[in-house]
Amino acid sequence: MNFEPFDTSIIVRRLQAKATGLHLVGSAADYAAVKELRSFRTPSAYVVFADEENTGGLPTTFCTVQVHAKVQFGVVLALRNYQEQLGGQMSDEARKLIGQVRSALIGFQPTGKGANVVSWQAGSVLDYDASVLLFADRYEVPHTLQRAPSAGGC
């Protein structure tokens, strides 16, 4: 293990395997490539790395071997929004797909790379029009950045 940031491709693969109602599960690059709301392919999910923060633990030795962090990432869902022109109510299909994504991630523990169990933080509507609803959920996962101590120093 090393001091690399959390690998969100683990979350992409989890959603591809478990959220079978989605046509596409992409990354932040895929999300950024879409320039207007109506261009999103629905239903789709995009996993976006948000931030990483030290949980306040200070190194206890000169050669730091591990740092505990919390990682936040988002899952932006592009969903059909034909139920209501004003977007005030989500369709049953949208609610089911949001639930499917949450079911796949809440309590999931990514293997390897020092990650712990994923928890849900918040969800909100980002944007909508007569045909597309963008909904984002924010998740958090405790993550240990670590390296093996070397015999010859740091």
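A. Region of interest: the overall build of the protein. For the protein, the helix and strand inventory stands at three helices and five strands. Each helix and strand of the protein, placed in order from N terminus to C terminus, yields the pattern α-β-α-β-β-α-β-β. Looking at the 154 residues of the protein, the share that counts as buried comes to 36%. For the protein, the accessible surface area stands at approximately 8,600 Å², while carbon and sulfur atoms represent 52% of it.

B. Up close: the pattern of salt bridges. Throughout the structure, instances matching the rule amount to four salt bridges. Between Arg38 and Glu36 there is a salt bridge, with the nearest N and O atoms lying 3.0 Å from each other. Judged by its relative accessible area of 63%, Arg38 is exposed. Using a relative accessible area of 37% as the deciding quantity, one classes Glu36 as partly exposed. Notably, a salt bridge pairs Arg80 with Glu93, separated by 2.6 Å at the nearest N-O pair. In this pair, Arg80 is assigned in strand β3 (residues 66–80) and Glu93 in helix α3 (residues 92–105), connecting sequence segments 13 residues apart.

C. Just the nonpolar core, in detail. Membership of the largest hydrophobic core comes to 28 residues, with the highest contact counts inside it found for Ile11, Leu15, Phe73, Val75, Leu77, Val101 and Leu105. Contributions of two or more residues to this core are made by α1 (9–18), β2 (44–54), β3, α3 and β5 (132–146). Ranked by residues supplied to this core, first place goes to α3 with six residues.

D. Local environment of unusual backbone geometry. Along the chain, Thr42 connects to Pro43 via a cis peptide bond; the corresponding omega equals -10°. Within the fold, Pro43 resides in the loop between α2 (28–33) and β2.

The rules behind the values
- Residues numbered from 1 in each chain as written.
- Predicted model: local features only at pLDDT ≥ 70, side-chain atom pairs only at ≥ 80, totals over all residues.
- Heavy atoms only, no water.
- Helix = DSSP H or I, 4+ residues; strand = E, 2+ residues; numbered from the N terminus.
- Buried < 20%, exposed > 50% of the residue type's maximum accessible area, 1.4 Å probe, protein only.
- Areas by Shrake-Rupley, 256 points an atom, 1.4 Å probe, with all protein chains shown as cover.
- Salt bridge = Lys/Arg side-chain N within 4 Å of Asp/Glu carboxyl O.
- Core = buried A, V, L, I, M, F, W, Y, C linked by side-chain atoms within 4.5 Å.

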